[in-house]
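Here's the letter readout for the chains.
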Amino acid sequence: MDGTTVSRRAFAKLVTAAGAGAVGAGAVAAPAQAAPETWTTTGTAVSALSAFDDTMKSFMQARHIDAGQLAVTYKGRLVLARGYGNNSPMLIQPTSLFRVASLSKSLTAAAVVRLAQDGKLSLGDPITKFLDLTPPAGQNADPRLAKVTLWRLLQHTGGWDRDLTAFDPVFKDRIIANALGVPMELTHADVIRFMSGQPLMHDPGSTVSYSNYGYLLAGRIVEKVSGLPYETYVKQKLLAPLGITRMGLGGTVSRHPGEVGYRSQYTGPTVLDNSGTVVDAPYGTFSMRVHDANGGWLASAVDLVRWATAFDSGSPVLNSTSTGRVFAVPSPTGVNADGWYYGLGWAVRPLTGGTGRNTWHTGSFAGTYSILVRTYQGMSWAAVFNQRDDESGLSYAPIDSALWTASRAVTSWPTHNLWSKYFA
């Protein structure tokens, strides 16, 4: 699918489908979940913002989601931070950690942009300047790889297309392991070696096609140029200046202190070894180690809206030149027919007349649904959930429009600021 012509709704499907390959052929439905019995909330209730609480409750109860969070900012102030439990086995705090899946891409893109800001690389550099893309023996690398620049990598115009190939390599662990003759759990190097022998589907720069693999590569470039592990660089250069200390890369099976459990109807064979053991979908049908730079981060909703401030004027992380790069219109693909485009780690919708822009991203894995929105009116919000499927069959994408509706129901925004409650 040519991403330059899809609607925002279709884009949401593209982005949230980042985890769609985790449960595929052979997956079976787990037993139906019990009906919710107890609704719990944590964090400060704000009567003026009750529409947000009501929205989260109705959304979660309709889908039998047992853990969720919401954080909202207005004019730079944190005005709402809530944890929601729907018959949850643990009390969900505003600081509980959730996998955020593809929201991780905004961190990875910002890491590359920060390296450019510090003079360590140029966004016009080809990825072959930093990465060894040697294919398996007997295969040839596509010569067009030399035309995949960092701009193109981060704007999803590198030339890979999972829709044409029905193959997203970050979810095809067993196929890659068998092709290379290596054991699972795969490493990044395994995935890169396999993909270096696959042809591109498009000339680099010509077509927008959402690529988890492109962001896997971007993470390796961050490591190569910085000399630090990907997670360490992001924590030191991007998160620490904002006072964010809770965020980190998640494990496939192990959980961090304060991290929620994940739920799915589905099971599938593990990709953590070659045993074929059937596991709950969120715990081994995909490798969080492989997904680090394209989908591996843990965060709370308050951490996510704090992270969103990195792209505001006066940010201690990115200067105005860098934020301009993040939200620049891709060339030559430009703004699509539906009025938005993919920048560097964000979807961007410029407003008519150049009066501002809305930016957003969603994320999805088996066991995860997340959304982060920055609005031209000075509002932002993040919502995270510990599942993306249930027996109701309802879509999770409507949380986007539901939160916009909640924001419009606010008649008077509160003047308080809760940042100091959650950040030193």
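Here goes a summary of the coordinates provided. The model shown is predicted, which means the values in this text are computed figures rather than measured ones. (Residues numbered from 1 in each chain as written. Predicted model: local features only at pLDDT ≥ 70, side-chain atom pairs only at ≥ 80, totals over all residues. Heavy atoms only, no water.)

Let's talk about the overall build of the protein
- Of regular secondary structure, the protein possesses 14 helices and 14 strands.
- Relative to the globule expectation of 22 Å for 424 residues, the C-alpha radius of gyration of the protein, 21 Å, shows essentially globular dimensions.
- Taken along the three principal axes of its C-alpha coordinates, the protein extends 65 × 50 × 40 Å.
- Residues classed as buried in the protein amount to 59% of the 424 residues present.
- Within the protein, residue pairs in contact and separated by at least 24 positions form 72% of the contacts whose partners lie at least 6 positions apart.
- Roughly 15,600 Å² of accessible area belongs to the protein as shown, and the carbon and sulfur atoms make up 52% of that amount. (Helix = DSSP H or I, 4+ residues; strand = E, 2+ residues; numbered from the N terminus. Rg over C-alpha atoms; globule rule 2.2 N^0.38 Å. Buried < 20%, exposed > 50% of the residue type's maximum accessible area, 1.4 Å probe, protein only. Contact = heavy atoms within 4.5 Å. Areas by Shrake-Rupley, 256 points an atom, 1.4 Å probe, with all protein chains shown as cover.)

Regarding the pattern of salt bridges
- Scanning the entire structure with this criterion turns up 13 salt bridges.
- Between Asp118 and Arg114 there is a salt bridge, with its nearest N and O atoms 3.0 Å apart.
- Residues Asp312 and Arg374 are paired through a salt bridge, measuring 2.9 Å at the closest nitrogen-oxygen approach. You can see Asp312 sitting in the loop between α11 (301-308) and α12 (320-326) and its partner Arg374 sitting in strand β13 (residues 368-374), a full 62 residues away along the chain. (Salt bridge = Lys/Arg side-chain N within 4 Å of Asp/Glu carboxyl O.)

Quick word on α11
- Within α11, eight of the eight residues are buried, which leaves it mostly tucked inside the rest of the structure.
- Restricting attention to buried positions, one finds in α11 the residues Ala301, Val302, Asp303, Leu304, Val305, Arg306, Trp307 and Ala308.

Quick word on the packing of helix α3 (residues 104-117) against helix α8 (residues 212-226)
- Running from N to C, α3 and α8 cross one another at 40 degrees; their axes reach a closest spacing of 10 Å. For the element pair α3 / α8, the angle class is oblique. For the crossing formed where α3 meets α8, the hand is left-handed. Contact residues: Lys105, Thr108, Ala109, Ala111, Val112 and Leu115 in α3; Asn212, Tyr215, Ala218, Gly219, Val222, Val225 and Ser226 in α8.
- Across the contact of α3 with α8, the residue classes break down as eight nonpolar, four polar and one charged. (Axes fitted to C-alpha atoms, helices over the stretch in contact; angles between N-to-C directions. Parallel < 35°, antiparallel > 145°, perpendicular 65-115°, else oblique. Left-handed = near helix turned anticlockwise from the far one by under 90°. Nonpolar A, V, L, I, M, F, W, Y, C, P; charged D, E, K, R; others polar.)

Details of the sheet that holds strand β9 (residues 297-299)
- Spatially, three strands are ordered β5-β9-β6 in an open sheet, and the strand pairing comes out antiparallel. Only two strands of the sheet have a single partner each, and these edge strands are β5 (98-99) and β6 (248-249).
- As paired elements, β5 and β9 share two bridges and run antiparallel to each other. Within the sheet, the bridge partner assigned to Arg99 lies in β9 and is Leu298. (Pairing = 2+ DSSP bridges.)

Let's talk about the packing of aromatic side chains
- Applying the stated criterion across every chain, the model contains 22 aromatic pairs.
- Chaining the aromatic ring pairs together yields one cluster made of Phe52, Tyr74, Trp381, Trp404 and Trp413.
- Just above the ring of Tyr215 sits the side chain of Lys105; from NZ or CZ to the centre is 5.8 Å.
- In this structure, Arg374 packs its charged tip against the face of Trp346, placed 5.9 Å from the ring centre. (Phe/Tyr/Trp six-rings, centres within 6.5 Å; stacked < 30°, edge-to-face > 60°. Lys NZ or Arg CZ within 6 Å of the ring centre and 35° of its normal.)

Some points on the sheet that holds strand β12 (residues 357-365)
- Ordered by their spatial adjacency, eight strands build an open sheet running β2-β4-β3-β14-β13-β12-β11-β10, and the pairing between neighbours is antiparallel. Whereas interior strands pair on both sides, the edge strands pair on one side only; in this sheet they are β2 (39-42) and β10 (341-342).
- Looking at chain direction, β12 and β13 are connected through seven bridges and run antiparallel. From the neighbouring strand, Trp360 faces β13, where its bridge partner is Val373.

Considering the side chain of Thr359
- Its location among the elements puts Thr359 in strand β12.
- A residue is classified by how much of its surface remains accessible, and Thr359, at 0% relative accessible area, is buried.
- Ignoring sequence-local partners within four residues, the contact set of Thr359 consists of Phe327, Trp346, Ala347, Val348, Leu372, Val373 and Arg374.

Side note on the nonpolar core
- Counting residues in hydrophobic clusters, the biggest one holds 99 residues, and the most contacted among them are Trp160 and Trp307.
- Counting residues per element, this core draws most heavily on α3, which supplies eight residues.
- Leave out the neighbours within four places in its chain, and Trp160 touches Ile127, Leu145, Val148, Leu153, Met195, Leu200, His202, Ser209, Ser211, Tyr213, Gly214 and Leu217.
- By size, the runner-up hydrophobic cluster in this structure holds 31 residues, among which are Val46, Trp360, Leu403 and Ala406. (Core = buried A, V, L, I, M, F, W, Y, C linked by side-chain atoms within 4.5 Å.)

Some details on the environment of Leu121
- Tracing the sequence through the fold places Leu121 in the loop between α3 and α4 (150-154).
- Filtering out sequence-adjacent residues up to four positions away, Leu121 remains in contact with Val112, Leu115, Ala116, Phe130, Leu150, Ile221 and Val225.

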